[in-house]
Amino acid sequence: MVSLKTNCGGIESPNPFWLASAPPANSGEQVQRAFDLGWGGAVWKTLGTPIRNVSSRFGGLHYRNERAIGFNNIELITDRPLEVNFKEIYDTKKKYPKHAVVVSLMVETREEWKDIIKRSVDAGADGLELNFGCPHGMCERGMGSAVGQEPRVNEEITSWAVEYSSVPVLVKLTPNVGDILPHGLAAQKGGGHGVSLINTIKSIIGVDIDNFVPMPVVANKSTNGGYCGQAVRPIALHMVAQLARSPEFKIPISGIGGVATWRDAVEFILLGSSSVQVCTEVMLRGYRVIDDMVEGLEEYMRSHGFSTIDAMVGKAVPGYSEWGELDMNYESIAKIDSDKCIGCQLCMVACHDGAHQCIHPDASGTTRVPVIDESECVGCNLCQIVCPVPDCISMVEVDNGHAPASWNQHLAGEGTLRPKKGSH
Amino acid sequence: MSTVDKERTEAVFEDFKPAYSHGQALSEANRCLFCADAPCIKACPTGIDIPQFIRKISTENVKASAKTIFDANILGMSCARVCPVETLCVGDCVYNHMDEPPIQIGKLQRYATDIAYAEDWRFFRAGADTGKSVALVGAGPASLACAHELRRHGHACTIYDKRAVVGGLNTTGVAPYKMRAERSEAEAAWILGIGGIEIEYGVEIGANKSWDALLEAHDAMFVGVGLGPDHWLDVPGRDLEGVVGAVDFIERFKPGTVELAAVKSAVVVGGGNTAIDAVRELVGLGIPSVTMVYRGVEDKMSGYAHEWNAAKQEGVVASFRSQPLAFEGEGHVTGVRCAVLDDAKQPTGLQRVIAADLVLLAIGQAKLEGLLAELGGVTFERGRVVVDEAQATTRKGVWAGGDCANGGKEVVNAADEGKRAAQAIDAFLKGAG
Ligand SMILES: Cc1cc2nc3c(=O)[nH]c(=O)nc-3n(C[C@H](O)[C@H](O)[C@H](O)COP(=O)(O)OP(=O)(O)OC[C@H]3O[C@@H](n4cnc5c(N)ncnc54)[C@H](O)[C@@H]3O)c2cc1C
Ligand SMILES: Cc1cc2nc3c(=O)[nH]c(=O)nc-3n(C[C@H](O)[C@H](O)[C@H](O)COP(=O)(O)O)c2cc1C
Ligand code: SF4
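The paragraphs below set out a description of the structure included in this document. (Residues numbered from 1 in each chain as written. Chains lettered and ligands numbered in written order. Predicted model: local features only at pLDDT ≥ 70, side-chain atom pairs only at ≥ 80, totals over all residues. Heavy atoms only, no water.)

### Focus: the site of ligand 2
Residue and element names in this part refer to chain A.
Right, so step 1: What surrounds ligand 2 is a group of 24 residues, the closest being S21, T46, K172, G258 and T280.
Right, so step 2: S21 places a polar main-chain atom, nitrogen or oxygen, 2.8 Å from an oxygen atom of ligand 2.
Right, so step 3: Within the side chain of K45, a nitrogen or oxygen atom sits 2.8 Å from an oxygen atom of ligand 2.
Right, so step 4: Burial of ligand 2 by the surrounding chains reaches 98%, relative to a free accessible area of 610 Å².
Right, so step 5: Because more than half of its atoms lie within 2 Å of the grid, ligand 2 is assigned to the largest cavity.
Right, so step 6: The set of elements that each furnish at least two residues to the shell around ligand 2 consists of β4 (41–47), β6 (66–73) and α9 (280–285).
Right, so step 7: Tallied by class, the residues present in the shell around ligand 2 amount to 11 nonpolar, 10 polar and 3 charged. (Near = heavy atom within 4 Å. Polar contact = N/O pair within 3.5 Å; in protein donor to acceptor, adjacent residues only side chain to side chain. Areas by Shrake-Rupley, 256 points an atom, 1.4 Å probe, with all protein chains shown as cover. 1 Å grid on protein atoms, 1.4 Å probe; cavity = no way out; pocket = protein on both sides within 12 Å on 5 of 7 lines; lining within 4 Å. Sits in = over half its atoms within 2 Å of the grid points. Helix = DSSP H or I, 4+ residues; strand = E, 2+ residues; numbered from the N terminus. Nonpolar A, V, L, I, M, F, W, Y, C, P; charged D, E, K, R; others polar.)

### Quick notes on a nonpolar patch on the surface
Right, so step 1: Judged by side-chain polarity, W323, L326, W407 and L411 of chain A come together as a nonpolar surface patch covering roughly 450 Å² of accessible area.
Right, so step 2: Tracing the backbone shows L326 of chain A in the loop between α11 (309–312) and β17 (331–336). (Patch = residues over 30% accessible without salt bridge, like charges linked within 9 Å, V, L, I, M, F, W, Y side chains within 5 Å. Salt bridge = Lys/Arg side-chain N within 4 Å of Asp/Glu carboxyl O.)

### Description of the site of ligand 1
Residues and elements named next belong to chain B.
Right, so step 1: Near ligand 1 lie 34 residues; those nearest to it are V82, D161, R163, L169 and D403.
Right, so step 2: Within the contact set of ligand 1, an oxygen atom lies 3.2 Å away from a backbone nitrogen or oxygen of P141.
Right, so step 3: V411 is positioned such that a nitrogen or oxygen atom in its backbone is 2.9 Å from an oxygen atom of ligand 1.
Right, so step 4: In the complex, 95% of the free accessible area of ligand 1, which totals 990 Å², lies under the protein chains.
Right, so step 5: Class assignment of the residues belonging to the shell around ligand 1 gives a composition of 16 nonpolar, 9 polar and 9 charged.
Right, so step 6: Of the domains in this structure, domain 2 (133–162 + 202–228 + 368–431) and domain 3 (243–361) are the two that each give at least three residues to the shell around ligand 1. (Domains from an automatic or database assignment.)

### A word on the interface of chain A and chain B
Right, so step 1: With 12 residues of chain A in contact, the opposing surface of chain B contributes 18 residues.
Right, so step 2: Here chain A packs against chain B, burying approximately 1100 Å² in sum over the two surfaces, 55% of which is carbon and sulfur.
Right, so step 3: Run the count over chain A and chain B and you get 1 salt bridge.
Right, so step 4: For the salt bridge of R368 of chain A with D37 of chain B, the shortest nitrogen-to-oxygen distance reads 3.9 Å.
Right, so step 5: Here chain A is connected to chain B by 7 residue pairs in polar contact (both at pLDDT 80 or more).
Right, so step 6: Its residues placed into classes, the side of chain A that touches chain B shows 7 nonpolar, 3 polar and 2 charged. (Contact = heavy atoms within 4.5 Å. Buried area = accessible area lost by both parts, 1.4 Å probe.)

### Here's the deal with the sheet that holds strand β14 (residues 225–228) of chain A
Residues and elements named next belong to chain A.
Right, so step 1: Strand order in the open sheet formed by 4 strands is β5-β6-β14-β11, and the pairing between neighbours is antiparallel. At either margin of the open sheet sits one strand with a lone partner, and together these are β5 (58–63) and β11 (201–203). Ignoring which end each strand starts from, the neighbouring axes of this sheet average 45° apart.
Right, so step 2: For β5 and β6, the ladder comprises 5 bridges, and the chain directions are antiparallel. Looking across to β6, one finds that L61 is bridged to G70. (Pairing = 2+ DSSP bridges. Axes fitted to C-alpha atoms, helices over the stretch in contact; angles between N-to-C directions.)

So, in structure tokens, the structure goes:
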């Protein structure tokens, strides 16, 4: 039996899939529809002093046949009156007592924090999320990522929130920092029950090259926005793992950034997240993507022998190490399955122009299947990455007789490194 | 200066392969793997750099895409429509080795070249005048490609054609559901837009102007006369009304009009591509019953299987292993009497009669060896003009290309041979300085 029941920093939900604080969690009507379709929780669109938004708010990064592999926005926090939001939170919580309703908040003064936290808790919030992450518009007003970039301010505001709140407090971190760890530790020090990351990354999504204005265009100007969607997942995974593997960092993580499928969720969980949040994929394809997410996660857990989410959290963290700890004597080479090869020779051109010049045309000229010079192959994976045929190029381990040795061992005078491979 | 009839019969045909919309073209172009040393390039007789032109469509750099196409093949617009791509470029797409449909190269080529025509983009300018002039005989694809290339090198060109239409069989022969006559004329006009190419219509070289006179008036000559009239079947009833050569028939209805209201059933004799075109055209023109009569068995037909499958879907029936013995009827044909053959094409002793008030003969076109015999020094092999790799005939100063030299292939072959001949002629004229 597999259970998806989730507890992230004391916030419980029937499954680990939460809507991130963003347009899909903007109103009670939406959140309730999402719960009906299977979402486990929702972080309400950030509340604060309501703002006004501009017209033309989003931009998409399209690549080949894929629409919006990256996404960017210049919208701010909620533009709906606070009392309307609180009433809808109250109604939603009443109707869905088992689902997680987390309220995202962003205000300036201590008084304002105190007031808005009280109203959120009174409305029935299961938890709070402090938005220290928004990289545009709000930070110029001394909020959002302006707070997230200053560990001291982060810690202080977190401690206020923890003081005023009777429900768990998550701190949402901005990725617009050099090293995420001090920021995660600041939230922990301030008493936060967990962190959520990442918020969006400062970005310009493109330029209107006919009118000489960046995008999205508002009248005749634009501004930098926040980048998210599939393209940011590698950055988000790194930041999550960076916290998860730190021995000092001990509070739970809600992973965010480019979650589009159950597989992405598994990756976040294995690197230390106990819940995941989704914004862009829902904006692009709707709440109904939850079906596949839930069923795919269940099937993964069944097939890998996990009965609870907790058992999965952080499973891949020990496998994430410093470069200096990698085994330099491990050797792999590429092999082409000639039955599967279609003769496109993309591997050949990639290896010649972008790697180590060791894939060559067949000398007999009778076949388009290229030949790999195994004595020169450094095992970089480039050919396998460009090959369009599933499972046609595999990277195969070579038993070269060398005992494992890392760079750190080498520096410490322990272990012997194998000779450099390849003449290029 | 269109010479095609506005009310012409072919106007009833729609495109068999409809044009791509912008979105369709982008999505198909983005599927292209951009192969290294791509097999499709080798499968194109003109060697268009297909992965490059497709990549340029995918980046919405259509002008450069069209230039890549036309640089290799100035007839790229019509080739995109009329090439049997299934056996050329598309047939060699590496996706055929995967469970993926091959890239629709012809349709993408059409996308880029149609935009070039619609926008009237011109990519090539005539070279500096060399003072030399070249005679080109026939205004078909071979001569058009040759003349255009010669102009890029600055040689003056005069094309002679016995007909009144430009474009050769590309205008008068190609099936209308692939391309209508006016499109081929538009192509010729676009090609001639480079300037410096004269065309003299209604001049049959060898009949009302001699080969020698041409050679005297010009510094070099390109022969692109194509093939001769339809072969005939020498059987009783051969002169009955309603028995017509297929190419001749197609040439009448494409740029002009034919009256077919009285035709209830038609027979096309043959199993090649002209026969398949003819049956599909007759069905498209609304003839209730169309039968293809072929001596051999279905899988031995020389016509393309993909075309024949389309014909069957359109309602054509076939009478295989049938050898016409006589055309029956009084004054006008009413039927075709056939001997029934076995699989080895030997008579079985049985006969069948197929009703027909129109019979098209699609059993090949004659070679023009006789016509060219007066051009001393040119040699022939099985009716084709003998040429070397640079399309030079055995007579100095005379090159040949297209159907008359290759025995009857495709427009794209004519385009390639005409262009290569021009490069050789240019070297000759500059060398002879
Ligand atoms: C019915 C039919 C359908 C076809 N369909 C296709 C198709 O779908 N796709 C494809 O790629 N190819 C197709 N082809 C083949 C293609 O049309 C030819 O390969 C191509 O047109 C050959 O070009 P060419 O320039 O060599 O000759 P042609 O196109 O035959 O042009 C020769 C020109 O020379 C002129 N001429 C002949 N003798 C003289 C003379 N003595 N003096 C002056 N002028 C003369 C003729 O009037 C004609 O205009 C088809 C052919 C036929 C018959
Ligand atoms: C249009 C839009 C509006 C957003 N608004 C907020 C917000 O009000 N508060 C907040 O904490 N994050 C906000 N975000 C960030 C998301 O919650 C999320 O952290 C980010 O988009 C990364 O997740 P994703 O890749 O699934 O989209 C917004 C994102 C988008 C695209
Ligand atoms: S000219 Fe014909 S064969 Fe060559 S690429 Fe174009 S469609 Fe394919």
